[in-house]
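Residue strings, one per chain:
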Amino acid sequence: MTAPTKACQDLARQLSDANAAVFARLGLEPKHAAVRRSDRPDLGEFQCNGALAAAKQIGRKPQEIAADAAAAWDATDLADAPTIAGPGFLNFVTTARALSARAQAIADDPRAGASAVETPRRVLVDYGGPNVAKPMHVGHLRASIIGESLKRIFRFRGDRVWGDAHFGDWGFQMGLLIVALEDELGGLGDPAKVAARLKSLTLEDLEAMYPAAAAKARDDAAFRDRARKATAGLQSGEEPHRTIWRAMHDVSMAALKREFSALGVDFDLWNGESDADPLIPDMVADLKARGLIEEDQGAQVLRVAREGDKRALPPLLVVSSEGTAMYGTTDLATILQREREIDPDLYLYIVDQRQGDHFEQVFRAAELAGYAKREQLEHIGFGTMNGPDGKPFKTRAGGVLKLNDLIEMAREKARARLREAEIGADFSAEEFEDVAHKVAIAALKFADLMNFRGTSYVFDLDRFMSFEGKTGPYLLYAAVRIKSILRKAGEAGVAAAPIVIAAAEERGLALALDGFDAALAQAYDKRAPHFLAEHAFALAQAFSAFYGNCPILQETDAGAQGSRLALAQATLKQLEITLDLLGIAAPERM
RNA sequence: GCGCCCAUAGCUCAACCGGAUAGAGCAUCCGCCUUCUAAGCGGACGGUUGCAGGUUCGAGUCCUGCUGGGCGCGCCA
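Everything quoted here is computed from the prediction, not taken from an experiment.

Novice: What am I meant to see in the overall build of chain A here?
Specialist: The helix and strand tally for chain A stands at 22 helices and 13 strands. In terms of overall dimensions, chain A has C-alpha extents of about 85 × 65 × 40 Å along its principal axes. In chain A, the share of contacts with a sequence separation of at least 24, taken over all contacts with a separation of at least 6, comes to 74%. Of the accessible surface of chain A, which amounts to about 25,200 Å², a share of 52% is contributed by carbon and sulfur atoms.

Put into structure tokens, the structure is as follows:
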């Protein structure tokens, strides 16, 4: 019954449990007792709206039910008896004792107050989606940032998680590159000549070859046809197709690993579409034998339309009229491969929401084929990153902006702002660069993750890097200020003491710390990191208010000083965990 | 043509299962550095939630229609 023993749970949960006991005694359904953070901080810290729903159900007046519940409240260690407002809302204010205990529990918890899932699942997160020969551009930014964050969120909640880059190294694009090379060399007949060219092949070569070949294929039917045949040749293991593919694959892969590393994005699996290729012949034969595939216009298709669909979903193209595997085929085979090698309970595909139909086709096909259940497969779609004109982001010249260039732009802006603020004058060149990089990445990532993933947002580097308001740099600044205090406290020999919440800003900070678990759960349930981004900002704001009004080093009361130091430590720990879940790292100073 | 998504403060975005007076940041204005990093803090201003109906004790949220925008619709991925 006393708060301290339950302090491992967040306050909303503690209040809900206590209120559920009250509701049960009154003969009301406990589910109506749920308490959550208040929308009206002027009336209370927490609220329960259940009296209204309960009233509807049993035909009593909501105010009466609320009054009964308030009168029956007995968890006075946790909160005072709730006040009643409006049509029957219950408003709670927690006791300083319960709040102190909760803050202490967070301070003592390596997970900073975050709970874990009861039953861990095996989760595969498919994100990033880089391609051979195509430089990563701003379109890859969202997939990488959101996917990386979701991977970390699921892992932190206790699931067993694999992040897979699902490298786009198969299909028609490879055929295009092969015929482009053929034309460049005037034929592929001379193995020595081919080998020599492949040895000198650079990423820049590939990045020039691909768009040229893709453009040519658009209005040159003969070229397109050769590329399709080359694709078929590659997929049936011909030479020199295979050798050429391997060289192009390796050059691209090495470059991509560098780029992802700069972004702070890391994968457990670097599997490519090509890795699922060996499964395709047997898979197609199996689908055929079970009568799931039929011939249509020279191609082999798997029909996935269902009765009751508002619109007839086109069939999944399993084998093209040229005999090649299409990307749906590869995606299906990849599910088969992952079932065998990983056996995930849940698949998350972090891909642009415009591909929704494609994934619906693949997921239905997987279910029809019995490879996976439909509910295990989720397409986590996201919106586009737009330019100032509201259309998908383009450079001033109208082309796509390379990810590398984007990051360098952000870094340059960060350097300028650091110099402007006269920060880092005493840093080594190395540390200065490290800080500029961290600031740049934090700005880019937070600007992306603060919005719900489904909405498109306008890219505005000046705004992201403004260092003011709701930005990545603001969060880093908050973390760095705490680190600075902790360093000085350490030098001064100030030690942490039991947390005692007294001042309004301490109360606000403790409540912010308490909100972490709910934010994490929402981010997890909705597959939406912006709930955590929101929490990080709220926490940093609460700390800033505390920072301005509750000095630590100057505090003369040892108990209050130790308590505040412990609060600062807990805040830093939780802020760094939250930032890490967003894929953001804070420097030691800035 | 069919289907999906979106429309919230001047701008960029939030709003948990339908709950109270719709919240932040930016911009504008007013305060606060003799104090742990002012890249900060406090305050003010700012709204017919695209339009019209409907369901409900209660609608930004659910339903219908309309307007405006984005996107998708078999051999690219």
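Novice: Help me understand the sheet that holds strand E10 (residues 346–350), please; the structure alone is not making it clear to me.
Specialist: Paired through backbone hydrogen bonds, the strands of a sheet run either parallel or antiparallel to each other. Judged by pairing direction, the sheet is parallel, and its 4 strands sit side by side in the order E6-E5-E10-E11 without closing on themselves. What marks the edges here is a single partner per strand, and that holds for strand E6 (160–164) and strand E11 (377–380). The mean inter-strand angle of the sheet, taken between neighbouring strand axes irrespective of direction, is 20°. Here 4 bridges tie strand E5 (residues 122–126) to E10, and the two strands are oriented parallel to one another. If you follow Val125 over to E10, its bridge partner there is Leu348. Against the sheet, helix H13 (residues 327–341) engages E5, E6, E10 and E11, with an angle of about 140° to E10. In the packing of helix H14 (residues 356–369) onto the sheet, the strands contacted are E10 and E11, and the crossing angle to E11 comes to about 175°.

Novice: What am I meant to see in the pairing of E11 here?
Specialist: Across a regular strand the side chains alternate sides, sitting on one face of the sheet and then on the other. When E10 meets E11, the two strands line up parallel, connected through 4 bridges. By the bridge assignment, Leu348 is partnered in E11 with Glu378. Where the polypeptide runs from E10 across H14 and back to E11, its parallel neighbour, the crossover connection is right-handed.

Novice: I keep staring at unusual backbone geometry and nothing clicks. Help me out?
Specialist: Most peptide bonds take the trans configuration, and most residues that are not glycine carry a negative phi. Going from Glu239 to Pro240, the amide bond is cis rather than trans, its omega being 5°. Tracing the backbone shows Pro240 in the loop between helix H9 (221–235) and helix H10 (241–263). Phi at Gln297 takes a positive value of approximately 50°, unusual for a residue other than glycine. Tracing the backbone shows Gln297 in the loop between strand E7 (293–296) and strand E8 (299–302). Judged by relative accessible area, Gln297 falls into the exposed class, the value being 76%. For Glu422, which is not glycine, the phi dihedral falls at a positive 55°. Here Glu422 is to be found in the loop between helix H15 (403–420) and helix H16 (429–449).

Novice: When you look at the environment of Ala504 in this model, what are you seeing that I'm missing?
Specialist: As for its placement among the helices and strands, Ala504 is situated in helix H19 (residues 504–514). Along the chain, Ala504 and Ala545 lie 41 residues apart, while their C-alpha atoms are 9.6 Å from each other.

Novice: Could you clarify how one ought to interpret the nonpolar core in this entry?
Specialist: Soluble globular proteins tend to pack their nonpolar side chains together in the buried interior. Ranked by internal contacts, the top residues of the largest apolar core, which has 161 residues, are Phe92, Leu177, Met248, Ile350 and Leu532. Counting residues per element, this core draws most heavily on H16, at 12 residues. Excluding anything up to four places from it in sequence, Phe92 contacts Leu15, Asn19, Val35, Gly44, Glu45, Phe46, Gln47, Cys48, Trp73, Ala79, Asp80 and Pro82. Core analysis: the second largest hydrophobic core is formed by 34 residues, Val304, Val319, Val351 and Phe363 among them.

Novice: Hey, could you run me through the side chain of Arg411 in this one?
Specialist: Within the secondary structure layout, Arg411 lies in helix H15. Beyond its immediate sequence surroundings of up to four residues, Arg411 is in contact with Glu433, Ala436, His437 and Ala440.

Novice: Mind showing me how you'd approach H9 here?
Specialist: Since one α-helical turn is 3.6 residues long, residues separated by three or four positions face the same way. Taking 1.5 Å of rise per residue, the 15 residues of H9 would be expected to cover 21 Å, and the 21 Å separating its terminal C-alpha atoms lies within 8% of that figure. Regarding H9, the residues found buried are Phe223, Ala227, Ala230, Thr231, Gly233, Leu234 and Gln235. Tucked into the core, H9 has its buried residues touching helix H6 (172–185), helix H8 (203–219) and H10. Remark: Gly237 follows H9 within two positions and exhibits a positive phi of approximately 85°.

Novice: Any chance you could explain the pairing of E6 here in plain terms?
Specialist: Most of E6 sits out of view: 4 of its 5 residues are buried. Taken together, E5, helix H5 (residues 138–156) and E6 constitute a β-α-β crossover, and its handedness is right-handed.

Novice: Just to check I follow, could you spell out the domain arrangement of chain A for this structure?
Specialist: A common measure of how large an interface is: the accessible area buried when the components associate. Along its sequence, chain A is carved into domain 1 (3–94), domain 2 (172–266) and domain 3 (403–581). For domain 1 versus domain 3, the separation of C-alpha centres amounts to 33 Å. Each partner contributes residues to the interface: domain 1 has 8 residues there, and domain 3 has 6 residues. In this assembly, domain 1 packs against domain 3 so that about 540 Å² is buried in total across both faces, 40% of it on carbon and sulfur atoms. When the buried area of domain 1 at its contact with domain 3 is split by residue, Asp10, Arg37 and Glu45 rank highest and sum to 73% of it.

About the cut-offs
Residues numbered from 1 in each chain as written. Chains lettered and ligands numbered in written order. Predicted model: local features only at pLDDT ≥ 70, side-chain atom pairs only at ≥ 80, totals over all residues. Heavy atoms only, no water. Helix = DSSP H or I, 4+ residues; strand = E, 2+ residues; numbered from the N terminus. Contact = heavy atoms within 4.5 Å. Areas by Shrake-Rupley, 256 points an atom, 1.4 Å probe, with all protein chains shown as cover. Pairing = 2+ DSSP bridges. Axes fitted to C-alpha atoms, helices over the stretch in contact; angles between N-to-C directions. Right-handed = clockwise from strand over helix to strand, strands pointing away. Buried < 20%, exposed > 50% of the residue type's maximum accessible area, 1.4 Å probe, protein only. Core = buried A, V, L, I, M, F, W, Y, C linked by side-chain atoms within 4.5 Å. Expected span 1.5 Å × (residues − 1). Domains from an automatic or database assignment. Buried area = accessible area lost by both parts, 1.4 Å probe.

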